[in-house]
Amino acid sequence: MPEGHTLHRLARLHQRRFAGAPVAVSSPQGRFSDSAAAVDGRVLRRTSVWGKHLFHHYVGGPIVHVHLGLYGTFTEWARSADTPLPEPVGQVRMRMVGAEYGTDLRGPTVCEVIDEGQVSDVVARLGPDPLRNDADPAWAWARIAKSRRPIGALLMDQTVIAGVGNVYRSELLFRHRIDPYRTGQRISDAEFNAAWTDLVALMKIGLRGGKIIVVHPEHDHGPPSYRPGRPRTYVYRRAGEPCRVCGATIHTATLDGRNVFWCPTCQV
């Protein structure tokens, strides 16, 4: 599932490509046809993001709400006035076409038209987004400090902090030497503040460059990344490999239905 910085990058891209002009919106797949008709031909006013939720705000009030989930993806393509639109490839839920670009959305968990009140309802269920200027870490800390749940589960709970996924969760806890199974009640105020500050900085790096970069330069060596073309990680998807800092074997387990990775020596 894409992490929060990916949605913020998409919002910025769609703002540049489509905002300020009418957008043709359709649903080649058919599942979004009625909703697409409600925004087709309207001017896209702005885009916004909260956590993993993307919103397209159109003039006149309607808002397209997208949550990519595990399989959703946008594919962009350039266009010109004298060139026919490309045929949809696969099950395209929503197609947006502007003057110079188009984008196809496939496989989202949510793609719907809602109003401002419903946007408020979505946001009310979410914790602070580290990439938003209005993020209030005190709200998240209040939830964590009184919780008996493992911190590794709390960080992935979008009602606590919005936008954190499995990579940031595992890597942030390693960088701050915190065992993912330590309960929220056992996290100190100083530990939370340091981790929040680091999380904001790491997600801003991801927002600017499009890649999650978490390994300090002095540790950026040894076994390659978990996937070609990706930066190295400390623990994420490195189960059975040696820790880049102490050499201990990286562990993995399932926590609230998702794999978590940690070093049993560095993280206590």
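Every chain is numbered on its own, with residues counted from 1 as its sequence reads. Confidence filtering applies because this is a predicted model: local features only for residues at pLDDT of at least 70, side-chain atom pairs given and counted only at 80 or more, and all residues used for totals across whole chains, interfaces and linings. The side-chain values count all of the structure's non-hydrogen atoms but skip hydrogen atoms and water molecules.

Overview of the UniProt feature "domain: FPG-type" (unreviewed entry) in the protein
Working step 1: UniProt positions are given in the numbering used here, feature names are shortened, and annotations may be inferred rather than shown by experiment. The UniProt record annotates "domain: FPG-type" (unreviewed entry) at residues 234–268.
Working step 2: Secondary structure elements are taken from DSSP: a helix is a run of H or I of four residues or more, a strand is a run of E of two residues or more, and numbering for both begins at the N terminus. Note that residues 234–268 is 0% helix and 29% strand, and that its end C-alpha atoms are spaced 16 Å apart.

Overview of the side chain of Arg95
Working step 1: Along the chain, the position of Arg95 falls in strand β6 (residues 92–97).
Working step 2: Here's how the labels work: a residue is buried when its accessible area is under 20% of the maximum for its type, exposed when over 50%, partly exposed in between, all with a 1.4 Å probe on protein chains only. Taking the relative accessible area as the measure of exposure, Arg95 reaches 6% and is therefore buried.
Working step 3: Engagement of the side chain of Arg95 in a polar contact is seen with the backbone oxygen of Pro86, the distance being 2.8 Å.
Working step 4: Whether two residues are in contact is decided by their heavy atoms: any pair within 4.5 Å suffices. Every residue in contact with Arg95, bar those within four places of it in the chain, is listed here: Ala24, Val25, Ser26, Pro28, Trp77, Leu85, Pro86, Glu87, Pro88, Thr103 and Asp104. By the criterion applied in these results, polar contacts are pairs of N or O atoms within 3.5 Å in which, for protein atoms, one can donate a hydrogen and the other can accept it, and in which residues neighboring in sequence qualify only through two side-chain atoms.

Regarding the environment of Ala78
Working step 1: Summarising the element assignment, Ala78 is placed in strand β5 (residues 73–78).
Working step 2: According to the relative accessible area criterion, Ala78 is exposed, its value standing at 63%.
Working step 3: C-alpha of Ala78 to C-alpha of Arg17: the two residues are 61 residues apart in sequence and 10.0 Å apart in space.
Working step 4: Ignoring anything within four residues of it in the chain, the contact list for Ala78 reads Glu100 and Tyr101.

Quick look at the domain arrangement of the protein
Working step 1: How far each domain reaches was decided by an automatic or database domain assignment. Each domain of the protein was delimited in the assignment, giving domain 1 (4–125) and domain 2 (137–262).
Working step 2: Taken over C-alpha atoms, the centre of domain 1 sits 30 Å from the centre of domain 2.
Working step 3: Buried area: the accessible area, evaluated with a 1.4 Å probe, that two parts lose upon being put together, summed over both parts. Here domain 1 and domain 2 share an interface that buries about 860 Å² over both sides, 61% of which is from carbon and sulfur atoms.
Working step 4: It is His5, Arg9 and Lys52 that lose the most area in domain 1 upon contact with domain 2, and together they represent 57% of the buried surface on that side.
Working step 5: Throughout this description, the term salt bridge denotes a Lys or Arg side-chain nitrogen within 4 Å of a carboxyl oxygen of Asp or Glu. Counting across the interface, domain 1 meets domain 2 through 0 salt bridges.
Working step 6: Counting across the domain 1 and domain 2 interface gives 4 residue pairs in polar contact (both at pLDDT 80 or more).
Working step 7: The dominant element in the side of domain 1 that touches domain 2, judged by the number of residues it contributes, is helix α1 (residues 4–18), at 5 residues.

A word on the packing of aromatic side chains
Working step 1: Two aromatic rings, drawn from Phe, Tyr or Trp (for Trp, its six-membered ring), form a pair once their centres lie within 6.5 Å of each other, and the interplanar angle then sorts them: stacked below 30 degrees, edge-to-face above 60, tilted otherwise. The tally for this structure, following the rule as stated, stands at 6 aromatic pairs.
Working step 2: An angle of 25° between the planes, with centres 5.2 Å apart, marks the rings of Trp141 and Phe192 as stacked. Note that Trp141 is positioned in helix α4 (residues 137–145) and Phe192 in helix α7 (residues 189–209), a separation of 51 residues in sequence. The pair Trp141 / Phe192 is uniform in exposure class, with both members buried.
Working step 3: Seen from their ring centres, Tyr181 and Trp262 are 5.6 Å apart, and the 70° between their planes marks the pair as edge-to-face. Taken as a pair, Tyr181 in the loop between α6 (166–175) and α7 and Trp262 in strand β10 (residues 258–262) lie far apart in primary sequence, 81 residues in all.
Working step 4: Taking relative accessible area as the criterion, Tyr181 reaches 35% and is therefore assigned partly exposed.
Working step 5: With relative accessibility at 11%, the residue Trp262 sits in the buried group.
Working step 6: Here the aromatic cluster, defined as three or more aromatic residues joined through ring pairs, consists of Trp141, Phe192 and Trp196.
Working step 7: Charge-over-ring placement is defined geometrically: NZ (Lys) or CZ (Arg) within 6 Å of the ring centre, and within 35 degrees of the ring normal. Note that Arg17 overlies the ring of Tyr101, its terminal NZ or CZ placed 3.8 Å from the centroid.

Some details on the sheet that holds strand β3 (residues 53–58)
Working step 1: DSSP-based pairing: two strands are paired if at least 2 bridges between them are found. Read across the sheet, 4 strands follow the order β2-β3-β4-β8 without closing on themselves; strand pairing throughout is antiparallel. Because the sheet does not close on itself, it has two edges, and the strands there are β2 (44–50) and β8 (110–114). Strand-to-strand twist in this sheet, taken as the mean axis angle between neighbours without regard to direction, amounts to 20°.
Working step 2: Alignment of β2 against β3, held across 6 bridges, turns out to be antiparallel. Bridge pairing in β3 places Trp50 opposite His53. What counts as an axis is a line fitted to C-alpha atoms, over the stretch in contact for a helix, and the angles between N-to-C directions run from 0 to 180 degrees.

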